[in-house]
Amino acid sequence: MKSRLSELDEDSLTIEQSIVLQEIKQARGNVKGPFLAWLHSPELAQHSQKLGVFCRYHTGFSKRLSELAILVTAAWWQSQSEWLIHAPIALAEGLDKNIVEDIRVGNEPIFTIKEERLIYQIGQSLYQTKRINTCLYQEALSLFGEAALVELIGIFGYYSYVAMTLNCFEMLPSDCDDTDIDLPFRTP
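Residues numbered from 1 in each chain as written. Predicted model: local features only at pLDDT ≥ 70, side-chain atom pairs only at ≥ 80, totals over all residues. Heavy atoms only, no water.

## Topic: the packing of helix α4 (residues 63–77) against helix α5 (residues 80–92)
Axes are the key here: two packed helices are described by the angle between their axes and the distance separating the axes. Quick note on the threshold: Think of each axis as a best-fit line through the C-alpha atoms, taken over the contacting stretch in the case of a helix, with angles from 0 to 180 degrees between the N-to-C directions. Only runs of H or I of at least four residues qualify as helices and only runs of E of at least two qualify as strands under DSSP, and these elements are numbered from the N terminus. Note on angle classes: values under 35 degrees are labelled roughly parallel, values over 145 roughly antiparallel, values of 65 to 115 roughly perpendicular, and the remainder oblique. Here a crossing is called left-handed whenever its near helix is offset anticlockwise from the far helix by less than a right angle, and right-handed whenever the offset is clockwise. Only heavy atoms enter the contact rule, under which two residues are in contact if any of them lie within 4.5 Å. Classes in brief: Ala, Val, Leu, Ile, Met, Phe, Trp, Tyr, Cys and Pro nonpolar; Asp, Glu, Lys and Arg charged; the others, Gly included, polar.
Running from N to C, α4 and α5 cross one another at 150 degrees; their axes reach a closest spacing of 9 Å. When the axes of α4 and α5 are compared, the pair comes out roughly antiparallel. Viewed along their axes, α4 and α5 form a crossing whose handedness is left-handed. Of α5, the residues touching α4 (which contributes E67, I70, L71, T73, A74 and A75) are E82, W83, H86, A87, I89 and A90. Residues of the contact of α4 with α5, tallied by class, amount to eight nonpolar, two polar and two charged.

## Observations regarding a nonpolar patch on the surface
The criterion, for reference: The residues that make up patches have over 30% relative accessible area and no salt bridge, and they are joined within 9 Å when like-charged or within 5 Å when they are Val, Leu, Ile, Met, Phe, Trp or Tyr. Here the open area of atoms and residues is found with the Shrake-Rupley method and a 1.4 Å probe, where only the protein chains shown may cover a residue. Salt bridges, as used here, are contacts in which a Lys or Arg side-chain nitrogen is within 4 Å of a carboxyl oxygen on Asp or Glu. In this scheme, a residue with accessible area under 20% of its type's maximum is buried, one over 50% is exposed, and one in between is partly exposed, where area comes from a 1.4 Å probe on protein chains only.
The grouping of W76, W77 and M164 at the surface amounts to a nonpolar patch, some 290 Å² of accessible area in total. In this structure, W77 sits in helix α4. Residue classification places W77 among the partly exposed positions, given a relative accessible area of 30%.

## Details of the packing of aromatic side chains
The description of an aromatic ring pair rests on the distance of the ring centres and on the angle between the ring planes. For clarity, the cut-off: Any Phe, Tyr or Trp ring, taking Trp's six-membered ring, that has another such ring centre within 6.5 Å forms a pair; planes under 30 degrees apart are called stacked, those over 60 apart edge-to-face, and the others tilted.
Applying the stated criterion across every chain, the model contains ten aromatic pairs. Look at F111 and Y120: their rings are 5.4 Å apart centre to centre, the planes differ by 45 degrees, and that puts the pair in the tilted class. The class for Y120 is buried, based on a relative accessible area of 8%. Measuring from ring centre to ring centre gives 6.2 Å for Y158 and Y161, while their planes differ by 75 degrees; the resulting arrangement is edge-to-face. Taken as a pair, Y158 and Y161 lie in helix α9 (residues 146–168) at a separation of three residues, close to a single helical turn.

## Topic: the environment of L95
In this structure, L95 sits in the loop between α5 and α6 (97–105). Residues L95 and Q17, spaced 78 residues apart in sequence, show a C-alpha to C-alpha distance of 36 Å. Among all residues touching L95, those that are not within four sequence positions of it are R64, L68, L71, A90, V100 and E116.

## Looking at the nonpolar core
Basically, it comes down to this: Residues grouped as a nonpolar core are buried Ala, Val, Leu, Ile, Met, Phe, Trp, Tyr and Cys residues, joined through side-chain atoms within 4.5 Å.
In this structure, W83, I119, I122, F144, L152 and F156 are the most contacted members of the largest nonpolar core, which totals 48 residues. Considering every element that reaches this core, the biggest residue donor is α9, with nine residues. Once residues within four sequence positions are removed from consideration, W83 is found in contact with L71, A74, A75, P88, V100, I103, R104, P184 and F185.

## A closer look at α4
Filter applied, for reference: One less than the number of residues in a helix, times 1.5 Å, gives the span that helix is expected to have.
If you check α4, its first and last C-alpha atoms are 21 Å apart, about what 15 residues at 1.5 Å a residue would give, namely 21 Å. Among the 15 residues of α4, twelve are classified as buried, and the element is accordingly described as predominantly covered. Within the sequence span of α4, burial applies to R64, L65, S66, E67, L68, A69, I70, L71, V72, T73, A74 and A75. Each element contacted by the buried residues of α4 is listed here: α3 (42–57), α5, α6, α7 (114–129) and α9. Positive phi appears at Q78, one or two residues downstream of α4, with a value of about 50 degrees.

Functional significance is not addressed by these values, which are geometric in nature.
Written as structure tokens, this is what we have:
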């Protein structure tokens with residue numbers, strides 16, 4: 001990936017960076033995206049990657065629903081890399097292509113699945129108003145339960161952190177640049 005940060009060379013990593021790098025590789029199979037930034041601070045990287053593994057793979061939500069929450073976040077933050085990584089995963093997990101495109105361009109999707117609609121509404125409410133109103137909260141609590149609702153908020157929070165990292169350090173796949181016609185968002 002391209003980035004504003006200095007490139008890390010595996011041969012010159014500190015012991016702490018090497019340990020975290022191996023943990024990330026073991027958990028994910030590769031090291032890309034925000035991990036390349038977080039490795040500059042190995043302790044931050046270690047905690048971040050562990051939270052990421054939980055939010056991505058071990059919540060009470062299916063991958064399709066988790067990816068929906070991630071796409072809502074990527075679109076809110078206009079995070080090019082986050083979108084480029086997760087949109088294909090969301091589609092492969094069965095999220096409708098029209099929903100994906102509506103989220104990308106900022107239109108409210110038409111949902112036929114109640115869980116998807118709720119996840120979208122919760123994300124929009126959090127990002128737009130910084131709150132969840134009582135009616136929406138009660139509906140989500142009734143459908144998902146407390147533990148899963150807490151985990152959903154964790155997904156939104158973690159992927160906002162990912163998006164901010166990717167955006168701040170202008171992290172893009174090596175074959176993209178900020179004038180690339182195929183980037184999902186036009187940013188200033």
